[in-house]
Structures are given as C-alpha cells and as structure tokens.
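A look at the structure
This is what each chain is made of:
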Amino acid sequence: MLVPDPKAVRKLLTRYAALRISQAERQRPQTAAELNDVVYTLCVMMGTTGIREAIVKADALLAAARSTPKSVVADGRAAA
C-alpha cells in the first residue's frame, strides 16, 4: 500500500483549515470550489470517502511520522 508523503498531507490539512475558516467568515463560490478540491484530494490521499475519516487518518499518519526515527528510509527499512 502506498503511504502519502506527510509533508503533502500536512500542507493539505493546513489548506483545508484555512479554507474552512475563510468560508465561515464569508461564503464565496471560489472558496467553496477550492475547499471541495482540497476535501477530494485529502480523501483520495487517505483512501477514504469522507473528510472526517480522512482527517483522522491524516492525523494518525502525521503522528506516526513524528515518532519514526530519521534513519528509516522511504521503503520502511532501516538505513545501514
């Protein structure tokens, strides 16, 4: 199974939060469209059909990335 890049996930979560705040302050069609795009992308990246589940999975991925030693390479094997 492919695991999304934590940096890309963090960037999407940040964008999602900013767009939600912006949309709550002032509803605009352009912001709504951007928000829908970010929601779709997060759901696809996290393998979910809903944003709430995507956020939960994204948070878990980021927590795991923080606890993974830096010596672990991208394919999951420890560096020699």
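1. Brief notes about the overall build of the protein chain
- What the protein chain contains, in helices and strands, is 3 helices and 0 strands.
- Taking all 80 residues of the protein chain together, the buried fraction comes to 24%.
- Long-range contacts, defined here as pairs at least 24 residues apart, represent 46% of the contacts in the protein chain between residues at least 6 apart.
- When the accessible surface of the protein chain is totalled, it reaches about 6000 Å², and 58% of it is carbon and sulfur.

2. Looking at the side chain of glutamine 23
- Structurally, glutamine 23 is set in helix H1 (residues 6-25).
- Beyond its immediate chain neighbours, meaning those up to four positions away, glutamine 23 contacts Arg28, Thr31 and Ala32.

3. Thoughts on the environment of valine 44
- Of note, valine 44 is situated in helix H2 (residues 29-46).
- Valine 44 sits in the exposed class, given a relative accessible area of 51%.
- Note: C-alpha distance between valine 44 and alanine 54 (10 residues apart in sequence) is 8.5 Å.

4. Description of the packing of H1 against helix H3 (residues 51-67)
- It is the contact of H1 with H3, at a shortest axis distance of 10 Å, that shows an interaxial angle of 135 degrees. Judged on the interaxial angle alone, H3 and H1 are oblique. For the element pair H1 and H3, the recorded crossing hand is left-handed. Contact residues: H1 offers Pro6, Val9, Arg10, Leu13 and Tyr16, while H3 offers Ile51, Ile55, Ala58, Asp59, Leu61, Leu62 and Ala65.
- Looking at the contact of H1 with H3 residue by residue, the class counts come to 10 nonpolar, no polar and 2 charged.

5. Description of the nonpolar core
- Counting residues in hydrophobic clusters, the biggest one holds 15 residues, and the most contacted among them are Val9, Leu13, Tyr16, Val38, Leu42 and Met46.
- When residues of this core are traced back to their parent elements, those giving at least two are H1, H2 and H3.
- Each residue touching valine 38, except ones within four places of it in the same chain, is listed here: Leu12, Arg15, Tyr16 and Leu19.

6. So, the packing of H1 against H2
- Taken N-terminus to C-terminus, the directions of H1 and H2 make an angle of 150 degrees; their axes are 9 Å apart at the nearest point. For the element pair H1 / H2, the angle class is roughly antiparallel. Crossing hand, H1 versus H2: left-handed. Contact residues: H1 offers Ala8, Val9, Leu12, Leu13, Arg15, Tyr16, Leu19, Arg20, Ser22 and Gln23, while H2 offers Thr31, Ala32, Glu34, Leu35, Val38, Val39, Thr41, Leu42, Met45 and Met46.

The rules behind each value
Residues numbered from 1 in each chain as written. Predicted model: local features only at pLDDT ≥ 70, side-chain atom pairs only at ≥ 80, totals over all residues. Heavy atoms only, no water. Helix = DSSP H or I, 4+ residues; strand = E, 2+ residues; numbered from the N terminus. Buried < 20%, exposed > 50% of the residue type's maximum accessible area, 1.4 Å probe, protein only. Contact = heavy atoms within 4.5 Å. Areas by Shrake-Rupley, 256 points an atom, 1.4 Å probe, with all protein chains shown as cover. Axes fitted to C-alpha atoms, helices over the stretch in contact; angles between N-to-C directions. Parallel < 35°, antiparallel > 145°, perpendicular 65-115°, else oblique. Left-handed = near helix turned anticlockwise from the far one by under 90°. Nonpolar A, V, L, I, M, F, W, Y, C, P; charged D, E, K, R; others polar. Core = buried A, V, L, I, M, F, W, Y, C linked by side-chain atoms within 4.5 Å.

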